[in-house]
Amino acid sequence: MKSLIILVVVLFVVALIALSLSIRVVTQYEKGVLFRLGKVVGVKDPGLAVIIPVIDRLIKVSLRIVTMPIQSQGIITRDNVSVDISAVAYFRVVDAVKSVIAIENVHAAINQIAQTTLRKVVGQHTLDQALSETDTINADIRKILDIATLEWGVEVTLVELKDIQLPDSMKRAMARQAEAEREKRAKIIAAEGESMAAAALGEASDTMMAHPLALQLRNLQTLVELGVEKNTTIVFPAPLMSAIGELGAFLARESAAVPSPHPTIANEADTSTQPGQLPANGRVPDST
């Protein structure tokens, strides 16, 4: 009786061990590839899967998107500039059987091919293109990776350049270029402002010439603005053209008022009088 109980216990333990070896649980984000005597016989969906112990082998494959950083690569661009570029790739398994059979380690394979593809694609672009056309470079890298990885049952969903390290000399050159570009824009803006100001001043001068009192009103306004600042000395410029005209008229009047510098000519005119007329000085000449 005792030996029977021991036998039942042993059989129960063996049954529990066999049950534990034959039951597998596949989670929602996985697929189970079932091998029977080394041959693929099917794919197990998420849930409870029963296999034959020792004969069957179930390999679980995750279908979630995997984030894989691509370590920094020393790359020489098409214009012979050395840069260090790192990136990140996102991929997921779309065919569980191919990902197990076609390649030994899909993660390591994608990491290596992503590094070589990054160097190849960036090396075909110049530095300016690598800095400004990152979307195009990302699309090219993804396209090349998809061609290779689809045979492994893997789809690359996204590739992004993460960091671009430039040499110090190139950073200084780009800083000087950016500074020169800003100075150019500043000079262009200043020139446009001067042009607009000159046009506005021309229109204002035309208006003042048509209305002379406008210039006087502007002078008075300037005096008021200076008076607000409580200055002790005010230097106010007079209109140049009017001042020159007044100065010319003054000189003309002064030159007309100066007597003739040749008196002998006047004396001869006085003596050449006709009979019966008084000379110009009003004196009667002496008959003696």
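Residues numbered from 1 in each chain as written. Predicted model: local features only at pLDDT ≥ 70, side-chain atom pairs only at ≥ 80, totals over all residues. Heavy atoms only, no water.

This brings us to the overall build of the chain. Counting its secondary structure elements, the chain contains 9 helices and 8 strands. Relative to its full complement of 288 residues, the chain shows a buried share of 20%. Within the chain, residue pairs in contact and separated by at least 24 positions form 60% of the contacts whose partners lie at least 6 positions apart. Surface exposure of the chain reaches about 20,600 Å², of which carbon and sulfur atoms provide 61%. (Helix = DSSP H or I, 4+ residues; strand = E, 2+ residues; numbered from the N terminus. Buried < 20%, exposed > 50% of the residue type's maximum accessible area, 1.4 Å probe, protein only. Contact = heavy atoms within 4.5 Å. Areas by Shrake-Rupley, 256 points an atom, 1.4 Å probe, with all protein chains shown as cover.)

Turning our eyes to something else, we now look at the side chain of S99. Relative to the assigned elements, S99 resides in helix α2 (residues 96-101). Among the residues examined, S99 registers a relative accessible area of 8% and is labelled buried. A polar atom in the side chain of S99 sits 2.7 Å from the backbone oxygen of A96. Look past the residues within four positions of S99 in its chain and what remains in contact with it is V61, V93 and W152. (Polar contact = N/O pair within 3.5 Å; in protein donor to acceptor, adjacent residues only side chain to side chain.)

Read across the sheet, 3 strands follow the order β6-β7-β8 without closing on themselves; strand pairing throughout is antiparallel. Every interior strand has two partners, whereas the edge strands, β6 (66-76) and β8 (154-165), have only one. Neighbour-to-neighbour, the strand axes of the sheet open up by a mean angle of 25 degrees, direction not taken into account. Judged from the 10 bridges that link them, strand β7 (residues 82-93) and β8 form a sheet pairing that is antiparallel. Looking at the pairing, R92 lines up with E155 of β8. The strands touched by helix α3 (residues 106-123) are β6, β7 and β8; relative to β6, the strand with the most contacts, the crossing angle is about 35 degrees. (Pairing = 2+ DSSP bridges. Axes fitted to C-alpha atoms, helices over the stretch in contact; angles between N-to-C directions.)

Turning our attention to the nonpolar core. Formed by 33 residues in total, the largest nonpolar core has its most connected members in L118 and I141. When residues of this core are traced back to their parent elements, those giving at least two are β2 (30-36), β6, β7, α3, α4 (127-132), α5 (134-149) and β8. With 7 residues, the top contributor of residues to this core is α3. When near neighbours in sequence (up to four residues on either side) are disregarded, I141 contacts T117, L118, V121, V159 and L161. (Core = buried A, V, L, I, M, F, W, Y, C linked by side-chain atoms within 4.5 Å.)

Positive phi values are uncommon outside glycine, yet V54 reaches one of about 70 degrees. With respect to the helices, strands and loops of the structure, V54 is situated in the loop between β4 (47-50) and β5 (56-62). Its identity as a non-glycine residue notwithstanding, N80 has a phi of 60 degrees, on the positive side. Inspection of the secondary structure assignment puts N80 in the loop between β6 and β7. On the accessibility criterion, N80 (67% relative accessible area) is exposed.

Once that is clear, we can look at the pairing of β6. Pairing analysis gives 9 bridges linking β6 to β7, with the strands arranged antiparallel. Across the sheet, residue V66 finds its bridge partner in β7, namely F91. Count of turn residues in the β6/β7 antiparallel hairpin: 5 residues, of which N80 carries a positive phi of about 60 degrees.

Our next topic: the sheet that holds β2. Hydrogen bonds between backbone atoms are what pair the strands of a sheet, whose relative direction is either parallel or antiparallel. What the 3 strands build is an open sheet, ordered β3-β2-β5; its pairing is antiparallel. What marks the edges here is a single partner per strand, and that holds for β3 (39-44) and β5. Between one strand axis and the next, the sheet turns through 25 degrees on average, direction left out of account. Here β2 runs beside β3; their pairing, made up of 5 bridges, is antiparallel. Looking at the pairing, R36 lines up with K39 of β3.

We now examine the environment of V159. When you line up the elements, V159 lands in strand β8. On the accessibility criterion, V159 (1% relative accessible area) is buried. With 89 residues separating them in the primary sequence, V159 and I70 have C-alpha atoms 9.7 Å apart. Beyond its immediate chain neighbours, meaning those up to four positions away, V159 contacts V88, A89, N138, I141, R142 and L145.

In short, geometric facts, not functional conclusions.
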